[in-house]
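A look at the structure
Given next are the chains, with one letter for each unit.
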Amino acid sequence: MTRPLTATIDISAMRHNFSVVRSSVPSAKAWAVVKADAYGHGLERAVRAFSDADGLALIEIDRAINLRKNGWKKPILLLEGFFKADELPELAENGISFAVANDEQMAMLEKAKLPKPVNVHLKMNTGMNRLGYLPSEYRAAYERVSRIPHVKSISFMTHFANSEDPDHPKVPVREQLRRFDMATDGLPGDRNLSNSAAILLHPDIRTDWVRPGIMLYGGTPGGKTAEEYGLAAAMSLDSEIIQIQHIKKGDSVGYGSLFTAETDMTIGVVACGYADGYPRVAPEGTPVIVDGVRTRLVGRVSMDMLTVDLTPVRNAHLGSKVNLWGKELPIEDVAVAAGTVGYELMCALTSRPQIIEKD
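The following paragraphs examine the structure supplied in this document. (Residues numbered from 1 in each chain as written. Predicted model: local features only at pLDDT ≥ 70, side-chain atom pairs only at ≥ 80, totals over all residues. Heavy atoms only, no water.)

So, about the overall build of the chain. The number of helices and strands found in the chain is 12 helices and 18 strands. On the principal axes, the C-alpha backbone points of the chain span a range of 75 × 45 × 35 Å. A burial count over the chain gives 52% of its 359 residues as buried. Across the chain, the fraction of contacts at a sequence separation of at least 24, relative to all contacts at a separation of at least 6, is 62%. Counting only carbon and sulfur atoms, one obtains 50% of the accessible surface of the chain, whose full area is about 16,300 Å². Counting 41 positive and 44 negative side-chain charges, the chain places the averaged centre of each group 3 Å from the other. (Helix = DSSP H or I, 4+ residues; strand = E, 2+ residues; numbered from the N terminus. Buried < 20%, exposed > 50% of the residue type's maximum accessible area, 1.4 Å probe, protein only. Contact = heavy atoms within 4.5 Å. Areas by Shrake-Rupley, 256 points an atom, 1.4 Å probe, with all protein chains shown as cover. Lys, Arg positive; Asp, Glu negative; His and termini not counted. Charge placed at Lys NZ, Arg CZ, Asp CG, Glu CD.)

Within this structure, the stated rule accounts for nine aromatic pairs. For the ring pair F82 and F98, a centre distance of 5.2 Å and an interplane angle of 90° mean the geometry is edge-to-face. Taken together, the positions of F82 in the loop between β4 (76-78) and α5 (88-93) and F98 in strand β5 (residues 97-100) put the pair 16 residues apart, joining distant regions of the chain. On the numbers, 6.1 Å between centres and 15° between planes, the contact of Y278 with W325 is stacked. Of this pair, Y278 sits in the loop between β13 (265-270) and β14 (287-290) while W325 is found in strand β17 (residues 321-325), placing the two residues 47 residues apart along the sequence. Exposure class is identical for Y278 and W325. Each is buried. Through a chain of ring-to-ring contacts, the aromatic side chains of F18, Y39, F50, Y217 and Y343 assemble into a single cluster. (Phe/Tyr/Trp six-rings, centres within 6.5 Å; stacked < 30°, edge-to-face > 60°.)

Turning next to the pattern of salt bridges. Think of it this way: side chains of opposite charge can pair up when their charged atoms draw near. For the structure on display, the rule yields 23 salt bridges. Among the charged side chains, a salt-bridge network with shared partners connects R3, D276, D304 and R352. (Salt bridge = Lys/Arg side-chain N within 4 Å of Asp/Glu carboxyl O.)

Spatial relationships are all this shows, so hold off on functional conclusions.
Rendered as C-alpha cells:
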C-alpha cells in the first residue's frame, strides 16, 4: 500500500495567481520567479503555469540553461548572476541575462570572450545590504559596464527589504526608491523592481519589470490573507489518520513527553513528519484540519509522524483526511505557528510525499 501522504500541486492555481500579477501592475512586464524548483512546486510545472510570463527568473545556472534547451524562448534572468568566468560563454550562447552586483563579476565580464552579446541587470544595494553596488558607486559601475563591447543592454535592479511594511523604521520602501531614483536619474535602461509584496501593496511603484515570487504559489507576503489578495493556494499537503490513541489525564505524547494531557482525550497519529518537510519545530497548537475541522498539533513532530488532538473531531477514524496546509488551511497559519514563513515550508517539501498534479 502507498503511504497516505500527498502533495497536490495545482497548476491552474499558479496560472490564476499570475493573472493577479497582471491585473495588479498591468503596465509592467513580469519575471515569474521559479528559483528553488519553483518554490518546491516543480520547475517543469511552473513553465506550463507561467507560459504567459514575459520571462523566468531563477538562481540556478544549470536549470536556466536547461530551460532554454527544453524550449523556453522568452527571456531568462539569473538573479544572482554568474559565479565563475567560464560560465559566461554558455550563458551568452543561450541568451541568458544575468545580474552584475560587484567588481569581481564586472572584471570577469570585461575579460570574457563571448559568442554573443549579453543583457546585464546592474544590481543596486539600496538598503538590503546583500548584493549590489551602493548608490554612490552605481554610476561608475554603469559607466564601466556600458564600455564592455559585448554588453547589449543594461537594466537597473534593486530589492526591497521591507515592502510588506511601508512604514518600517529602518529601511522603508520610499527611502530605497529615493536612493534608486537618485542613482539612476538620467541613465537609460529598464527598471527591474517590485517583489510580491511591492506588487500587492505598492502597485503604483514606477517600474518596467516586476519579479513576483511567493504570490505565484498562493503565499502571501503579509498585510492580508491570500484569499483577501485574490490568491489561490497552489500546494496542498494532505495525509490521513493512521492510528487513534485514547489517553488518560496525565498521559504524555511523543518524544520527550513534551505534551501531557490535562484531561482524558483522543489523539490521532498522522502519516507525516520532518523527513517529509513538515517543520520539526512546529509547537503544540499548530493548526491542522481533520475531516474539515480545525484542530491542533500536540507533542513533538517526529521523522515520519505527528500527533493531533481529535477531541473536537466527531467520528474521527482511521483514514480520516488531514490537511496540513493548502486550500483548507493557509500555509501562513502553519508557518507563523512554527516561527517561520510559508516560503520555507514550500521549499522544504521532500521527495517522500506522493505528488498529485492538478490542472
